[in-house]
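Each chain, written out:
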Amino acid sequence: MLILDSDQSCTKMSTPTKETSVSSHVSPWLASIVYPLGRYLVLPFYFKSLEVIGIDNLPKQGPVILAPTHRSRWDALIVPFATGRHVTGRDLRFMVTVDEMKGLQGWLIRQLGGFAVNQKHPTIASLRHGVELLHRGEMLVIFPEGNIFQDNQVHPLKAGLARLALQAETSYANLGIKIVPMSLHYDPMIPRRGCRVQVKIGSPLSVLDYSQGSVKQNAQSLMQDLESALHQIDSPKLL
């Protein structure tokens, strides 16, 4: 059985350990309130403008991993605004750090289909749940930089995204996972009322293209190409 260890490498577990299973679901009634409220009231009220570029790059079906840069806690509403049910007809499933699952924010994330992963010591259960969601053809959101960075620079990406995507792709024939790079920009960089937001969506990467040969080398190549794609779309057009 495969697991990601603390240095993001892939190892074999020698002794099975008992752990709590991970599950997630989207609350239909809460999603029907929160997303329209955010889209039509909260975001237009708080931000001066919200521009989304590259919507045509979003796959309309099949398993997808959205890989946005992480610039603010507002990202949790901005990403669904740009790619969620009002755009694609699909709910987003957020994989977030354990620190983001605290308090009211954590409750909302859980009710809207999100689940936590410990970046330093990811469990089999959380990774398996991510694979299951992709097998079901869901749209999964993973912030590959790992943390929030408010300097408008693309930071080194964590390898966990590639490991998860490759594990899902190789364990199910012809799954066809697509990874979509996304760049989020706020002007000013630390959002405040009246600032502007721009989202740029890049061309998808096909995980199948990285599924032959060494898992470690394939993961490195996939993350290098994803980081390159994020750099290419990261320059804001008008901010």
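Residues numbered from 1 in each chain as written. Predicted model: local features only at pLDDT ≥ 70, side-chain atom pairs only at ≥ 80, totals over all residues. Heavy atoms only, no water.

1. A few points about the overall build of the protein
Part 1 of the reasoning: The helix and strand tally for the protein stands at seven helices and 10 strands.
Part 2 of the reasoning: Buried residues in the protein amount to 48% of all 239 residues.
Part 3 of the reasoning: Sequence-distant contacts, at least 24 apart, represent 75% of the contacts inside the protein between residues at least 6 apart.
Part 4 of the reasoning: For the protein, the exposed surface amounts to about 11800 Å²; the carbon and sulfur share of it is 54%. (Helix = DSSP H or I, 4+ residues; strand = E, 2+ residues; numbered from the N terminus. Buried < 20%, exposed > 50% of the residue type's maximum accessible area, 1.4 Å probe, protein only. Contact = heavy atoms within 4.5 Å. Areas by Shrake-Rupley, 256 points an atom, 1.4 Å probe, with all protein chains shown as cover.)

2. Brief notes about the packing of helix H1 (residues 28–46) against helix H2 (residues 75–83)
Helices that pack against each other are described as a pair by the angle of their axes relative to one another and the distance between those axes.
Part 1 of the reasoning: Between H1 and H2, whose axes approach to 10 Å, the crossing angle comes to 100°. Put simply, H1 runs roughly perpendicular to H2. Listed contacts from H2 to Tyr-35, Arg-39 and Leu-43 of H1 are Leu-77, Ile-78, Pro-80 and Phe-81.
Part 2 of the reasoning: Its residues assigned to classes, the contact of H1 with H2 shows six nonpolar, no polar and one charged. (Axes fitted to C-alpha atoms, helices over the stretch in contact; angles between N-to-C directions. Parallel < 35°, antiparallel > 145°, perpendicular 65-115°, else oblique. Nonpolar A, V, L, I, M, F, W, Y, C, P; charged D, E, K, R; others polar.)

3. As for H1
Part 1 of the reasoning: An ideal rise of 1.5 Å per residue puts 27 Å on 19 residues; H1 measures up with 25 Å between its terminal C-alpha atoms.
Part 2 of the reasoning: Among all positions of H1, only Leu-30, Ala-31, Val-34, Tyr-35, Gly-38, Arg-39, Leu-43 and Tyr-46 are buried.
Part 3 of the reasoning: Buried-residue contacts for H1 involve strand E3 (49–53), H2, helix H3 (85–88) and helix H4 (103–111). (Expected span 1.5 Å × (residues − 1).)

4. What to know about the packing of helix H5 (residues 124–135) against helix H6 (residues 160–170)
Part 1 of the reasoning: Orientation of H5 relative to H6, taken along the N-to-C sense of each, is 55°, at an axis distance of 9 Å. Classed by the angle they form, the pair H5 and H6 counts as oblique. Pair H5 / H6 crosses with right-handed handedness. Residues Leu-127, Gly-130, Val-131, Leu-134 and His-135 of H5 form the contact with H6, whose participating residues are Leu-164, Gln-167 and Ala-168.
Part 2 of the reasoning: Among the residues forming the contact of H5 with H6, the class breakdown is five nonpolar, three polar and no charged. (Left-handed = near helix turned anticlockwise from the far one by under 90°.)

5. Focus on the side chain of Lys-200
Part 1 of the reasoning: Relative to the helices and strands, Lys-200 is located in strand E9 (residues 196–201).
Part 2 of the reasoning: One buried charge, Lys-200, has no salt-bridge partner; the nearest side chain with opposite charge is Asp-234, at 8.2 Å.
Part 3 of the reasoning: In this structure, Lys-200 is in contact with Ile-53, Pro-181, Met-182, Ser-183, Ile-233 and Ser-235, ignoring residues within four places of it in sequence. (Lys, Arg positive; Asp, Glu negative; His and termini not counted. Salt bridge = Lys/Arg side-chain N within 4 Å of Asp/Glu carboxyl O.)

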